Amino acid sequence: MQSFSQIKQEARKALEAPQPAPGKITAIHTGVIVAAALILTGLQFLLSLPSPEGGLSNLGASAFWETLQTLLSLANTLILPFWQAGLVFCAILWARGQSAQPRQLTQGLHRWGPLLRLYLLKGILLLPLLMVSGYGASFLFVLTPLSRNLMELLTPLMSAEDPLTALSGVPTAQLFEATLPLFVLMGILLCVLFVAVMYRCRLADYLILSGTTNSALMALGLSRQLLRGHVLELLRLDLSFWWFYGASLVLNLLMLLPAFALPESQTVLSLVCYGVYLAGTFLLYWKTRAKVGTVYALYFLRKLPSALENTNFA
């Protein structure tokens, strides 16, 4: 197995030759995601306008736009994983020294059947981990001094006529601060369980997209086989991209800032943070996603037996 530095150097070389440039492919890929987010946000903003007459204040028009927003949100949620898979397919092509075309970003949609079954199986595996981490974190939270602030906050509300209504009057920032240790505990437990269980499934998407297998169950089995004894190795590879995941985390945390602002400035701050989040995400993915994806694709190809490494794409 080559060192991570060697794989990253090989990925840089692999991205120099393809035409069109990988940066163009990632720009198209991320641009579609950002455009979809802007459309959905625009519809939500229009529906929130308190216009006294005409436009969306009309019952029929309002119902139409609400239905359209719901359908588009559902479509975006369902299609996004397959659209992301298309970029993984392109990364595999780049790792093999081949060129990727913009139309190949739809390969995830073309292979929606096995990928859908794979995502459902992963969801079934993830659900118990969420339950265990939630119950475990709650148990530790209640039995330790970490819950003291929350208890002090909730105890006076129990004597109110309507505790739920009284709870709604508690400042969001104060409630968030009191429950933060609970979410931190849950996050730590979930990360440990995720690495121990779900990391073994990380190569299943690559196995389907590379044409190695069209069976979701077989992809999970082969992924577990390829990563047997290499889970910590893959974790170290993830940690070597700390800057990429750290930047993504910071951009996502920006969306929490409006919760700590004054009510009269929350709307403006929300729009500003959302705009910075979309622009930052586009720049980050445009400049770095091809390299990061190609490194993972090369790692995957190094794990395949030589007989499978030359599997033809469908």
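My aim in this report is to walk through the structure given alongside it, one point at a time. Fair warning: this is a prediction, and the values are worked out from it, not measured in the lab.

Rules behind the numbers
The residue numbering used here restarts from 1 in each chain and proceeds along that chain's sequence as written. Reporting of local features is limited, given that this is a predicted model, to residues whose pLDDT is at least 70; pairs of side-chain atoms are given and counted only at 80 or more, and all residues count toward the totals for whole chains, interfaces and linings. Hydrogen atoms and water are omitted, and side-chain values are computed over all heavy atoms in the structure. Every helix listed is a DSSP run of H or I at least four residues long, and every strand listed is a run of E at least two residues long, numbered separately from the N terminus. The buried label applies to any residue whose accessible area, calculated with a 1.4 Å probe on protein chains only, is under 20% of its type's maximum; exposed applies above 50%, and partly exposed to all values in between. Two residues qualify as a contact provided that any one of their heavy atoms is within 4.5 Å of a heavy atom in the partner residue. The accessible surface values rely on the Shrake-Rupley method and a 1.4 Å probe; as for residues, cover is taken only from the protein chains in view. Ring pairs are drawn from Phe, Tyr and Trp, using the six-membered ring of Trp, whenever the two centres fall within 6.5 Å, and their geometry is named by plane angle: stacked under 30 degrees, edge-to-face over 60, tilted for the rest. Note on geometry: a ring has a charge over it if NZ (lysine) or CZ (arginine) is within 6 Å of the ring centre and within 35 degrees of the ring normal. We call a set of buried residues a nonpolar core when its members are Ala, Val, Leu, Ile, Met, Phe, Trp, Tyr or Cys and they connect through side-chain atoms within 4.5 Å of each other. Every definition here rests on a 1 Å grid over the protein atoms only: cavities are sets of points where a 1.4 Å probe fits but cannot get out, pockets are open sets enclosed by protein on both sides within 12 Å along at least five of seven lines, and lining residues have some atom within 4 Å of a point. Grid points are joined across faces, edges and corners, and a volume is the space filled by probe spheres set on the points. Here the nonpolar group is Ala, Val, Leu, Ile, Met, Phe, Trp, Tyr, Cys and Pro; Asp, Glu, Lys and Arg are the charged ones; every other residue, Gly included, is treated as polar. Each residue after the first adds 1.5 Å to the expected span of a helix. Only the stretch in contact is used when a helix axis is fitted, and all axes are lines through C-alpha atoms; the angle between N-to-C directions ranges over 0 to 180 degrees. Note on patches: the residues involved have over 30% relative accessible area and no salt bridge, like charges join within 9 Å, and the nonpolar side chains Val, Leu, Ile, Met, Phe, Trp and Tyr join within 5 Å. Salt bridges are defined as contacts in which a side-chain nitrogen from Lys or Arg sits within 4 Å of a carboxyl oxygen from Asp or Glu. Nitrogen and oxygen atoms within 3.5 Å of one another constitute a polar contact, given that in protein one can donate a hydrogen and the other can accept it, and given that sequence-neighbouring residues count only through two side-chain atoms.

### Looking at the overall build of the chain
So, point 1. For the chain, the count of helices and strands is 14 helices and 0 strands.
So, point 2. When the elements of the chain are put in sequence order from the N terminus, they spell out α-α-α-α-α-α-α-α-α-α-α-α-α-α.
So, point 3. Per-residue burial for the chain yields a buried fraction of 35% across its 314 residues.
So, point 4. For the chain, long-range pairs separated by at least 24 residues make up 76% of all intrachain contacts whose partners lie at least 6 apart in sequence.
So, point 5. Working note: accessible area of the chain is about 17900 Å², and carbon and sulfur atoms make up 69% of it.

### A few points about the packing of aromatic side chains
So, point 1. Taken as a whole and judged by the stated rule, the model has 10 aromatic pairs.
So, point 2. Aromatic side chains Phe244 and Tyr245 sit 5.4 Å apart centroid to centroid with 80° between the ring planes, which places their arrangement in the edge-to-face category.
So, point 3. Positioned above the aromatic ring of Trp286, the side-chain terminus of Lys287 is 4.2 Å from the ring centre.

### What about the nonpolar core?
So, point 1. One finds Trp94, Tyr206, Leu234, Leu237, Phe241, Tyr296 and Phe300 to be the most contacted residues of the largest nonpolar core, which totals 52 residues.
So, point 2. For Phe300, the contacting residues outside a window of four places in its chain are Leu203, Tyr206, Leu207 and Ser210.
So, point 3. Counting 6 residues, the second-largest nonpolar core is a separate cluster that includes Ala137, Leu150, Ala178 and Leu185.

### Concerning the layout of surface pockets
So, point 1. What the largest pocket holds in volume is close to 1100 Å³.
So, point 2. Every residue lining the largest pocket is counted, 31 residues in all, and those nearest its centre are Gln84, Val88, Arg202, Tyr245 and Arg289.
So, point 3. Within the residue set of the lining of the largest pocket, elements represented by two or more residues are helix H3 (59-95), helix H5 (112-142), helix H9 (204-209), helix H11 (231-240), helix H12 (242-253) and helix H13 (266-303).
So, point 4. Of all the elements, H3 adds the most residues to the lining of the largest pocket, at 7 residues.
So, point 5. For the lining of the largest pocket, the per-class residue count stands at 22 nonpolar, 4 polar and 5 charged.

### Thoughts on the environment of Gln174
So, point 1. Secondary-structure assignment places Gln174 in helix H8 (residues 172-197).
So, point 2. On the accessibility criterion, Gln174 (40% relative accessible area) is partly exposed.
So, point 3. The spacing of Gln174 and Leu153 is 21 residues in sequence and 8.7 Å in space, taken between C-alpha atoms.

### Points about the environment of Arg117
So, point 1. Mapped onto the fold, Arg117 is located in helix H5.
So, point 2. When the C-alpha positions of Arg117 and Leu217 are compared, they lie 8.5 Å apart, and in sequence the two are 100 residues distant.
So, point 3. What Arg117 contacts, discounting residues up to four positions off in sequence, is Asn214 and Ala216.

### Topic: H12
So, point 1. End to end, H12 covers 16 Å across 12 residues, agreeing with the expected 16 Å (1.5 Å per residue, within 8%).
So, point 2. Turning to H12, the residues buried within the fold contact H13.

### A look at the packing of H11 against H12
So, point 1. The N-to-C vectors of H11 and H12 enclose an angle of 65°; their axes lie 5 Å apart at closest approach. Here Asp238, Leu239 and Ser240 of H11 come into contact with H12, specifically with Trp242, Trp243 and Tyr245.
So, point 2. Of the residues that constitute the contact of H11 with H12, the class distribution is 4 nonpolar, 1 polar and 1 charged.

### Overview of a nonpolar patch on the surface
So, point 1. Side chains of Phe176, Leu180, Val184, Ile188, Val192, Leu249, Leu253, Leu256 and Phe260 sit close together on the surface and give an oily, nonpolar patch of about 790 Å² of accessible area.
So, point 2. Where the nonpolar patch is concerned, the elements lending two or more residues are H8 and H12.
So, point 3. Element by element, the count of residues in the nonpolar patch is highest for H8, at 5 residues.
So, point 4. Topologically, Val184 is positioned in helix H8.
So, point 5. For Val184, a relative accessible area of 43% translates into the label partly exposed.

### Some words on the side chain of Asp205
So, point 1. Looking at the element boundaries, Asp205 is found in helix H9.
So, point 2. Overall, the relative accessible area of 14% leaves Asp205 in the buried class.
So, point 3. One polar contact links Asp205 to Lys122, side chain to side chain, over a distance of 2.5 Å.
So, point 4. Setting aside anything within four residues of it in sequence, one finds Asp205 in contact with Leu118, Tyr119 and Lys122.

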